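Take a look at the letters that make up each chain.
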Amino acid sequence: MERRGGIRISTDLHAVVTCPQFGLFRGGVANIGPEGVFVRTRNVNICVNARITLTLQDQSTPPNFFEAEGVVMHQNRNGFGMRLSGIDRQYLELFESAAAATDPIRARNAI
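So, here is what we can say about the structure in this document. The model shown is predicted, which means the values in this text are computed figures rather than measured ones. (Residues numbered from 1 in each chain as written. Predicted model: local features only at pLDDT ≥ 70, side-chain atom pairs only at ≥ 80, totals over all residues. Heavy atoms only, no water.)

**Points about the overall build of the protein**
Right, on to step 1. Across its full length, the protein carries one helix and seven strands.
Right, on to step 2. Each helix and strand of the protein, placed in order from N terminus to C terminus, yields the pattern β-β-β-β-β-β-α-β.
Right, on to step 3. The buried share of the protein, reckoned over its 111 residues, is 37%.
Right, on to step 4. Put simply, 55% of the contacts in the protein that link residues at least 6 apart link residues at least 24 apart. (Helix = DSSP H or I, 4+ residues; strand = E, 2+ residues; numbered from the N terminus. Buried < 20%, exposed > 50% of the residue type's maximum accessible area, 1.4 Å probe, protein only. Contact = heavy atoms within 4.5 Å.)

Here is the structure:
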């Protein structure tokens, strides 16, 4: 299995997941990184290699939302990890501000 590098930041963002194969559903973002995210979905299984779009919402500033596109790389009973292939400017700003405000966790310790 391929291991990711870099850092992940723990978060409590809300996500709306859009997948052409599986439709639309909600989840929570456990952690984010500059190249990927882990989305908690519990009872929703999604196939590895499925292309998805995430709309992330920061509850502390409700009108703000961020979009990211990517591919599911792995899944488990808690959710799925995705590699990002397209992110908007707001997502990068969100990650950079979260990284500055917290002690990042190493990817190996992330969900």
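Don't stop here, the text continues.
**Thoughts on the nonpolar core**
Right, on to step 1. Ranked by internal contacts, the top residues of the largest apolar core, which has 24 residues, are Ile 32, Val 37, Ile 46, Ile 52, Leu 54, Leu 56 and Phe 80.
Right, on to step 2. Secondary structure elements with two or more residues in this core: strand S1 (7-19), strand S2 (23-32), strand S3 (36-40), strand S4 (51-57), strand S5 (65-76), strand S6 (79-87) and helix H1 (89-101).
Right, on to step 3. Among the elements that line this core, the one with the most residues is S1, at five residues.
Right, on to step 4. With residues near it in sequence (within four places) discarded, Val 37 still touches Arg 8, Val 29, Asn 31, Ile 32, Leu 54, Phe 80, Gly 81, Met 82 and Tyr 91. (Core = buried A, V, L, I, M, F, W, Y, C linked by side-chain atoms within 4.5 Å.)

**Side note on the side chain of Thr 11**
Right, on to step 1. Turning to its location among the elements, Thr 11 is positioned in strand S1.
Right, on to step 2. Within the structure, the side chain of Thr 11 is placed 3.2 Å from the backbone nitrogen of Leu 13, a separation counted as a polar contact.
Right, on to step 3. Apart from the residues lying within four places of it in its own chain, the contact partners of Thr 11 are Val 29, Ala 30, Asn 31, Ile 32 and Arg 40. (Polar contact = N/O pair within 3.5 Å; in protein donor to acceptor, adjacent residues only side chain to side chain.)

**A word on the environment of Gln 90**
Right, on to step 1. Tracing the chain through its elements places Gln 90 in helix H1.
Right, on to step 2. Sequence separation between Gln 90 and Glu 67 is 23 residues; the distance between their C-alpha atoms is 7.9 Å.
Right, on to step 3. The contacts of Gln 90, once residues within four sequence positions are left out, are Phe 65 and Phe 66.

**Description of the state of the cysteines**
A covalent bond bridging the sulfur atoms of two cysteines is what the word disulfide describes.
Right, on to step 1. Using the criterion set out here, one finds zero disulfides in the structure.
Right, on to step 2. Note on Cys 19: no disulfide assigned, nearest cysteine sulfur contributed by Cys 47 at a separation of 7.9 Å.
Right, on to step 3. Classification of Cys 19 as buried rests on a relative accessible area of 3%. (Disulfide = S-S within 2.5 Å.)

**So, the pairing of S3**
Right, on to step 1. Within S3, four of the five residues are buried, which leaves the element mostly enclosed by the surrounding structure.
Right, on to step 2. Relative to S3, S2 is paired through four bridges, and the arrangement is antiparallel. Residue pairing in the sheet places Val 29 in a bridge with Val 39 of S3.
Right, on to step 3. Taking the residues between adjacent antiparallel strands as the criterion, S2 and S3 are bridged by three residues.
Right, on to step 4. Both S3 and S6 contribute to a ladder of five bridges, which runs antiparallel. Within S6, the residue paired with Gly 36 across the bridge is Arg 83. (Pairing = 2+ DSSP bridges.)

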